[in-house]
Amino acid sequence: MRPVQIESIHSKTPIAYLPWGAIEYHGKHNPIGLDSTKALNMTVDLAKITGGLVFPTVHLAANLIKSYPGVDFPKHSIEFSEKLIRNICEEYFEQLVLQEFKIIVLLCGHAGEPHLDILKTVAKAFNQKYPDKYFWAFAEFEVIPKELLIANHSALGETSLQLYYAPETVNLEALPKDRIISLEQDAVSGSDPRLATSAHGEKIVKSYIKNASKFMEALIQKYL
């Protein structure tokens, strides 16, 4: 967007959306950038309702499957240190403060720990530092009923979301048909991704939009 376009939106709704993804192996059936695709599209969906500006995706994450104990998937993941993740988050937030945003929303597409907790801890510290603003760092499953979505890695939930947002990037045929899906063999943690559908992904997105937009409405009333 050009500056005049950005300033027009900022003057009405000074909300910054920061999608935070990862470059991480998601099995043979999903793309490496699943977390980034998910975070970007879900922030765009929410911004369409609340207003605000969506920033380019941050493709940096710690605590990837590459270093997860008991598995061996060394390729296709670019992993960064926890210290760097904290520093980058802090600097992003400081820069967004300087740009006079009032609400900063960080949607984390990667739920590895303590990666997610680091981002949430930084947000908490900035809420104390700047009480006239609000920093919300969260993962999508935190605002969705557990019967619809839980934290997972390339399983039913994430695969359904990818099928909804970018079906051409998913190949369910790459999954084995004659055995149980596992983390050790398939890089899948959670419910069977062979049951994933775009329709299920749409249900997840609708629930997310409904619940996240309610929380955003309360923030807008208080901070804008």
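In this text, all values refer to a predicted model and were calculated from it rather than measured experimentally.

Some points on the sheet that holds strand β2 (residues 53-54)
Turning to step 1, where the next piece is worked out: Taking strand neighbours across the sheet as the criterion, the four strands line up as β2-β1-β3-β4 in an open arrangement whose pairing is parallel. The open sheet has two edge strands with one neighbour each: β2 and β4 (134-138).
Turning to step 2, where the next piece is worked out: Judged from the six bridges that link them, strand β1 (residues 15-20) and strand β3 (residues 103-108) form a sheet pairing that is parallel. Note on β3: the bridge partner recorded for Y17 is V105.
Turning to step 3, where the next piece is worked out: Contacting β1, β3 and β4, helix α4 (residues 115-129) runs over the sheet at an angle of about 170 degrees to β4.

Let's talk about the nonpolar core
Turning to step 1, where the next piece is worked out: Formed by 50 residues in total, the largest nonpolar core has its most connected members in W20, F93, L106, Y208 and M216.
Turning to step 2, where the next piece is worked out: Elements with a minimum of two residues in this core: β1, α2 (34-50), α3 (82-98), β3, α4, β4, α5 (156-165) and α7 (198-223).
Turning to step 3, where the next piece is worked out: The leading source of residues in this core is α7, at eight residues.
Turning to step 4, where the next piece is worked out: Aside from chain neighbours lying at most four places away, what touches M216 is I15, Y17, L46, T50, I103, V105 and W136.
Turning to step 5, where the next piece is worked out: Membership of the second largest hydrophobic core comes to six residues, among which are I65, V71, F73 and L183.

Comments concerning the environment of P131
Turning to step 1, where the next piece is worked out: Residue placement: P131 occurs in the loop between α4 and β4.
Turning to step 2, where the next piece is worked out: Considering only alpha carbons, one finds P131 and I181, 50 residues apart in sequence, at a separation of 46 Å.

Brief notes about the packing of aromatic side chains
Turning to step 1, where the next piece is worked out: Enumeration according to the criterion identifies 13 aromatic pairs in this entry.
Turning to step 2, where the next piece is worked out: Between F93 and F135 the ring centres are 5.0 Å apart and the planes differ by 45 degrees, which places this aromatic pair in the tilted class. Taken as a pair, F93 in helix α3 and F135 in strand β4 lie far apart in primary sequence, 42 residues in all.
Turning to step 3, where the next piece is worked out: Residue class for F93 comes out buried when judged on its relative accessible area of 0%.
Turning to step 4, where the next piece is worked out: Here the aromatic cluster, defined as three or more aromatic residues joined through ring pairs, consists of Y134, W136, F138, F215 and Y223.
Turning to step 5, where the next piece is worked out: Its end group placed over the ring of F126, K129 keeps NZ or CZ at 5.6 Å from the ring centre.

As for the environment of I220
Turning to step 1, where the next piece is worked out: Assignment of secondary structure puts I220 in helix α7.
Turning to step 2, where the next piece is worked out: Judged by its relative accessible area of 22%, I220 falls in the partly exposed class.
Turning to step 3, where the next piece is worked out: When the C-alpha positions of I220 and L148 are compared, they lie 27 Å apart, and in sequence the two are 72 residues distant.

Cut-offs applied
- Residues numbered from 1 in each chain as written.
- Predicted model: local features only at pLDDT ≥ 70, side-chain atom pairs only at ≥ 80, totals over all residues.
- Heavy atoms only, no water.
- Pairing = 2+ DSSP bridges.
- Helix = DSSP H or I, 4+ residues; strand = E, 2+ residues; numbered from the N terminus.
- Contact = heavy atoms within 4.5 Å.
- Axes fitted to C-alpha atoms, helices over the stretch in contact; angles between N-to-C directions.
- Core = buried A, V, L, I, M, F, W, Y, C linked by side-chain atoms within 4.5 Å.
- Buried < 20%, exposed > 50% of the residue type's maximum accessible area, 1.4 Å probe, protein only.
- Phe/Tyr/Trp six-rings, centres within 6.5 Å; stacked < 30°, edge-to-face > 60°.
- Lys NZ or Arg CZ within 6 Å of the ring centre and 35° of its normal.

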